[in-house]
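# Topology and contacts: notes
Listed below are the residues making up each chain.
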Amino acid sequence: MERKVVTRHDGRILVIELANPPVNALAHEVRDAVLAALQAAQADAGTDAVVITGAGKLFCGGAEIKEFGQTPRAPHLAEIVNAIEESAKPVIAALNGSALGGGFEIALGCHVRLAVPGANVVLPEVKLGLLPGAGGTQRVPRLIGLRKALPFIVNGEAMSAAQALTLGLLDGVEDGDIVGHAIKRARHMVESNAPIRRTGRLRDALEASRRDAAAFEDDAAALLKKARSLEAPAACITALRNTLTLTLEEGLAAERALFVKLRDGGQSKALRHLFFAERAAQKVAGVPADTKPRSVGRVAILGAGTMGGGIAMAFASAGFPVSVIDPDTAALKRGFQTIENNYRASEKRGGMSAGAVAAALNRLTPSQSINDVASADLVIEAVYENMDLKKRIFADFDRLTTPGTVLATNTSSLDIDEIAAATSRPQDVVGMHFFSPANVMKLLEIVRGKATAPEVLVTAMNIGKRIGKVPVTVGVCYGFVGNRMLHARGSEVERLLLEGASPRDIDAAATRFGFAMGPCAVGDLAGLDVGWRIRKERGITSPVADAICEMGRFGQKTSRGYFIYEPGSRLPVPDPEVDALTAKLASDMGMARRSIAIEEIQERLLYPLINEGARILEEGIAERASDIDLIWINGYGFPLWRGGPLFYADTVGLGVIAERLDHYASLSGDKRLKPAKLLRSLAIAGKGFGDIAAAAKG
Ligand code: NAD
């Protein structure tokens, strides 16, 4: 068996190299071998000091996440970090590359930390609903103080070597042979008999933090407010605060207890599910693993409206030169003004530097001529939702661009295959369905047409990631995945309103569940007229929503929708006029009204949506249940810590959901509410959506 830790001597210095490709994860064997090497070094008269480094590009990617579901096996990482820290002989970390999570906690146990300039350090555990469980929360504040430790640990964002050096997390950043530098440093320490600086025993930074405790509490309160219902940030803060009152040993024990509680709790399971979901979504059925994306330099976007502008920003911010084409002079001007306003606002908020804003704006070129698509490698169409217009435009793309140019449409509902048929190269056509505001929302549905070439799909996925999106491949159907499920929820909102729930009741049920906004407030924000127009075109009615629009109430833009909005305010205020309207509509339809419990509203907002997700899976429109979860988390504000609708469904139990759907289907007479075949059969088998993924993997 290959050794996952390699040791060698350079004179009297022992070099321990983590060698567990691809990321030197701290699997059980690695932990075992590091501890054994360290213990041997203590006893070995031929060893004066130890250097720990990593093989390959990374120092260490942290815990072996696959082991999370298993019974933990000794030695735990915390023991190793303690052993490193307590080593009688100097131990130096040579970060040959980035140190993540447990990898950085190993470095924190070392007496000196050196890194190459390209290395990042990060404690990202909070993103998996955890906290650094091997001393990170206790050692970082002892090194740099509580206030600086706070955002580093609670936000879980990576920091460059240079930043980490300035902050005091590293002792040196060196170009070139980092192990060589570390060996030199070790020799010097041994020769000069330098005192060993053990992070866990440092006191100065903590003493200073004690004097500044009120400021720490203010910062912590602000972070907690942002974290809303997430448990991990609060646990991180508790662990950090412990450093002021507990000894290192007590603090480490408390950190461990907090870690175990988070690890075994529902939130971390949900967040870990999403972590794996993102990885899984990168693999698309029928696309060979070695398919290379086409190279994309220039991008052209057709349409400078709401979506075109947002998409253009997403590309420009990521460094792509972009032409934004709109023949309508006023629309083009308005579009660029909106783009500039949005950039200025993010500069003002501190989200972007003035330099970055100027550079992004510089990458954007306005144009009124479709001929300008000729120089682009990727063209994205974002004009009005009209099939004839889109077909004409794609025929133009076909004529004007060179073969190989990826031709994408941002349509939210039209048939990609029909659009592709307007070209002589349907294999180059793909849907890139962005979500509004496109410069902010992470979700990108990549819609695969019948003819879309694997290479084109891979290009679209790859580009999506390069502009910071979460791309998920879906098939063609009305509304694709996200909006199709949203419609299922929309029908239920209508029914709830008629049966007696107010917009406020419905939104309260949704926000209580964890959505940032309820469906009625979301409708008001997006503009109720959009759906109204689509319904009219398709000959569909939604009695309440239609009646509200007929009153000229389009949502926030008209200060009235399901709610009223005071001038300049986005706060939804309940409106008795809407309640009177729904009551009248219900009475006209002969429907009895009643007060509806929040539990029932929640079930009816969620279960029909889950049911539609099951149908989407059945039809193969989505490849995996976890793809659907990613879509709802990244595009529809589904609470992160619930892991997405289908993951959530499994936590409720599909048997329960099937039974409730049957119940609501018989009450309403709506057959769509009957459990989908897949949902029913999983429920009968006592299984969940997660079991399908497991079966497919196996
Ligand atoms: P919009 O009305 O804000 O913008 C459309 C723009 O297209 C206008 O500026 C118009 O001047 C321009 N245009 C019209 N004909 C053109 C042509 N021949 N060449 C170039 N530009 C032309 O619309 P929008 O909300 O940005 O929607 C655009 C597309 O994105 C639609 O297909 C829509 O379904 C889809 N979409 C919208 C949303 C959303 O939330 N608004 C979300 C996802 C997808």
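Model, not experiment: these values are computed from the prediction.

Calculation criteria
- Residues numbered from 1 in each chain as written.
- Predicted model: local features only at pLDDT ≥ 70, side-chain atom pairs only at ≥ 80, totals over all residues.
- Heavy atoms only, no water.
- Buried < 20%, exposed > 50% of the residue type's maximum accessible area, 1.4 Å probe, protein only.
- Helix = DSSP H or I, 4+ residues; strand = E, 2+ residues; numbered from the N terminus.
- Arc of directions from axis to C-beta.
- Contact = heavy atoms within 4.5 Å.
- Core = buried A, V, L, I, M, F, W, Y, C linked by side-chain atoms within 4.5 Å.
- Domains from an automatic or database assignment.
- UniProt positions renumbered as here; feature names shortened; annotations may be inferred.
- Pairing = 2+ DSSP bridges.
- Right-handed = clockwise from strand over helix to strand, strands pointing away.
- Phe/Tyr/Trp six-rings, centres within 6.5 Å; stacked < 30°, edge-to-face > 60°.
- Lys NZ or Arg CZ within 6 Å of the ring centre and 35° of its normal.

### Quick notes on helix α8 (residues 204–211)
Considered for burial, the residues of α8 that qualify are Ala205, Leu206 and Ser209. Each buried residue of α8 sits inside an arc of 95° when the element is viewed along its axis, so together they form one side. Among the exposed residues of α8, those oriented more than 90 degrees off its buried face are Asp204 and Arg211. On its buried side, α8 packs onto α4 (136–144), α5 (146–155) and α9 (213–227).

### Things to note about the nonpolar core
Membership of the largest hydrophobic core comes to 90 residues, with the highest contact counts inside it found for Val481, Ile506, Tyr562, Ile610, Leu679 and Phe689. Among the domains, domain 2 (299–335 + 363–480) and domain 3 (501–593) are the pair contributing at least three residues each to this core. Setting aside residues no more than four positions away along its own chain, valine 481 makes contact with Glu445, Val474, Ile616, Ile621, Ala622, Ile628 and Ile631. Within the second largest apolar cluster, 82 residues are counted, among which are Val30, Leu77, Ala99 and Phe259.

### Digging into the UniProt feature "domain: 3-hydroxyacyl-CoA dehydrogenase NAD binding" (unreviewed entry) in the protein
The UniProt record annotates "domain: 3-hydroxyacyl-CoA dehydrogenase NAD binding" (unreviewed entry) at residues 299–475. Taken end to end, residues 299–475 has its terminal C-alpha atoms 24 Å apart, with 42% of it in helix and 20% in strand.

### Details of the pairing of strand β2 (residues 13–18)
With five of six residues buried, β2 is to be regarded as a mostly interior element. With six bridges connecting them, strand β1 (residues 5–10) and β2 associate as antiparallel partners. Bridge pairing links aspartate 10 to isoleucine 13 in β2. Taking the residues that link successive antiparallel strands as the turn, the β1-β2 hairpin has two residues, and the phi of glycine 11 there is positive, at about 60°. Summarising the sheet, β2 and strand β3 (residues 49–54) pair through six bridges and their orientation is parallel. Of the residues in β3, the one forming a bridge with leucine 14 is valine 50. In this view, the connection linking β2 to its parallel neighbour β3 by way of helix α1 (residues 28–43) has right-handed handedness.

### What about the packing of aromatic side chains?
With the rule as written, the count across this model stands at 11 aromatic pairs. Put simply, the rings of Phe513, Phe515, Phe638 and Tyr648 touch in pairs and so form one group of aromatic residues. Here the guanidinium or amino end of arginine 489 rests over the ring plane of phenylalanine 515, the centre of that ring lying 5.3 Å away. Here the basic side chain of lysine 536 rests over the ring of tryptophan 532, its NZ or CZ set 3.8 Å away from the ring centre.

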